[in-house]
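Survey of secondary and tertiary structure
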Amino acid sequence: MRVFISYRRSDTGGRAGRLSDVLAARFGDDHVFHDVTTLTPGTDFDEQIDATIARCDAVLVVIGSRWLDEADPTGVRRLDRADDLVRHEVRTALSQDKRIVPVLVDGARLPTAPELPDDITPMVRRQAVAIRDESWQQDVRELIRGLERDPSARTRRRPIAYLAAAILAIAAATAMVIVVRGTIMDGDDDDEQHLASCPAADDRWIDVTPGATSPVDVTIDDDAVRFEPQGARYRSDDGDALVVVEVALTNLEEPAADPEADDRSVYLATWTFDGLLVNGVPMREVVCERVTGDELVAPGRRAIGEFGFDSEVDPAGATIELATAGGGLVPFGTG
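Residues numbered from 1 in each chain as written. Predicted model: local features only at pLDDT ≥ 70, side-chain atom pairs only at ≥ 80, totals over all residues. Heavy atoms only, no water.

Right, let's get into the packing of aromatic side chains. Under the defined criterion, the tally for this structure stands at 1 aromatic pair. Between the aromatic rings of Phe4 and Phe33, the centroid separation amounts to 4.8 Å while the plane-to-plane angle is 15 degrees, which identifies the pairing as stacked. One end of the pair, Phe4, is in strand E1 (residues 3-6); the other, Phe33, is in strand E2 (residues 32-33), and 29 residues separate them in sequence. We note that Phe4, like Phe33, is buried. We note Arg18 situated over the ring of Trp136; from NZ or CZ to the ring centre the distance is 4.8 Å. Positioned over the ring face of Trp205 is Arg233, at 4.7 Å from the centre of the ring. (Phe/Tyr/Trp six-rings, centres within 6.5 Å; stacked < 30°, edge-to-face > 60°. Helix = DSSP H or I, 4+ residues; strand = E, 2+ residues; numbered from the N terminus. Buried < 20%, exposed > 50% of the residue type's maximum accessible area, 1.4 Å probe, protein only. Lys NZ or Arg CZ within 6 Å of the ring centre and 35° of its normal.)

Quick look at the structure:
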């Protein structure tokens, strides 16, 4: 699968970049084109764009709130200029009969035909997808599934080393924000998260076979943190699976020299991670948790937490890893 991402830098540059990271982790860095920085210096710009689109299986047109009406310095709408890069990319994709997916972000809508130049109006007949900030992770997974359902698409999995950037990119836009220092808050309205305690293990659970479970040390906001996998288990629930991982988190920073000093800015939340990967596929947000010890881990102290995730991927025979906020992957073994 080769994917071309068309976007306006001033409109959706950040979101297009995050989307590119996720797709590159799935399909490979050399299979996703999203920026002029990947063009070969000294070559004709339009010709190289045309050649790149010709090699792609799909063209994603990322449309934000300013995509349609953004004007150039003279006040002319950019889309009305024949030399507009975005218009050229869409026109080229249409002329090559490429699979075009309008990707709506930032609450944008799909333009109507009268709002577009005649040479790109066929785009409005292509099925659009919306990627919302509050459900970014789920929406991006659905987009990837849609691309992979294309019978002409040929996909391949990437080595796990590529996946840390993907999970970080996804988690950065989800509604649930993990606060590294301070209480666990909800990213929308700063209300505390109150999750159910993870179910206790019984004969319905299957233990994950331990793998290379050595501690993983990462740096998060200049603080040293150690993750130690303790175990993992899963069970099937109505077609999906609930995967529970247990991890010890140690705040490797030195305690304050003055015992009376309580600088809580150096405390770490037990939720200092970005999500779970099952066979490299990011799972949905946490659905249950149980912490032994303080949820805010003081310097030199350690806490153990259980965190449960709904998994749409069958954990049987799958590798299970926790992605840390510092970019590390904590392996738990194989389901």
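The discussion continues.
A separate point is unusual backbone geometry. One non-glycine residue with positive phi stands out, namely Asp97, at about 55 degrees. Structurally, Asp97 can be placed in the loop between helix H3 (85-95) and strand E4 (99-104). Given the relative accessible area of 64%, Asp97 is considered exposed. In the Ramachandran plot, Asp106 falls in the positive-phi region, its phi being about 60 degrees despite a non-glycine side chain. Here Asp106 shows up in the loop between E4 and strand E5 (129-130).

It is worth spelling out the nonpolar core at this point. Grouped together as the largest cluster of nonpolar side chains are 28 residues, with contacts concentrated most on Phe227, Val245, Leu276, Phe309, Leu322 and Phe332. Secondary-structure elements contributing two or more residues to this core are strand E7 (216-220), strand E8 (223-237), strand E9 (240-251), strand E11 (273-278), strand E15 (302-311), strand E16 (319-324) and strand E17 (329-334). When sequence neighbours within four positions are dropped, the list of residues in contact with Phe227 reads Pro215, Val216, Val218, Ile220, Val247, Ala248, Leu249, Thr272, Thr324 and Val330. Among the nonpolar cores identified, the runner-up in size contains 23 residues, and Ile5, Val22, Val32 and Ala58 belong to it. (Core = buried A, V, L, I, M, F, W, Y, C linked by side-chain atoms within 4.5 Å. Contact = heavy atoms within 4.5 Å.)

Let us look at the sheet that holds E1. Strand order in this open sheet of 5 strands is E2-E1-E3-E4-E5, and the pairing throughout is parallel. Each edge of the open sheet carries a strand with a single partner, namely E2 and E5. One ladder, built from 4 bridges, connects E1 with strand E3 (residues 58-63); its direction is parallel. Directly across from Ser6, in E3, lies its bridge partner Val61. The sheet strands contacting helix H4 (residues 136-148) are E1, E3, E4 and E5, and the helix crosses E4 at an angle near 175 degrees. (Pairing = 2+ DSSP bridges. Axes fitted to C-alpha atoms, helices over the stretch in contact; angles between N-to-C directions.)

By the element assignment, Asp223 lies in strand E8. Its relative accessible area of 6% is what places Asp223 among the buried residues.

In the structure shown here, the tally under the stated rule is 1 disulfide. The side chain of Cys198 participates in a disulfide bridge whose partner is Cys288; the two sulfur atoms lie 2.2 Å from each other. One disulfide, between Cys198 and Cys288, carries an S-S torsion of 95 degrees and so falls in the right-handed class. Linking Cys198 in the loop between helix H5 (163-171) and strand E6 (206-207) with Cys288 in strand E13 (residues 286-292), this pair joins segments that are 90 residues apart in sequence. Accessibility assignment for this pair places Cys198 and Cys288 in one class, buried. (Disulfide = S-S within 2.5 Å.)

So, on to H3. For H3, a buried count of 8 out of 11 residues is recorded, marking the element as mostly surrounded by other parts of the structure. Residues of H3 that are buried: Val86, Arg87, His88, Glu89, Val90, Thr92, Ala93 and Leu94. The secondary structure elements touched by the buried residues of H3 are E1, helix H2 (45-55), E3 and E4. Trailing H3 by a residue or two, Asp97 shows a phi angle of about 55 degrees, which is positive.

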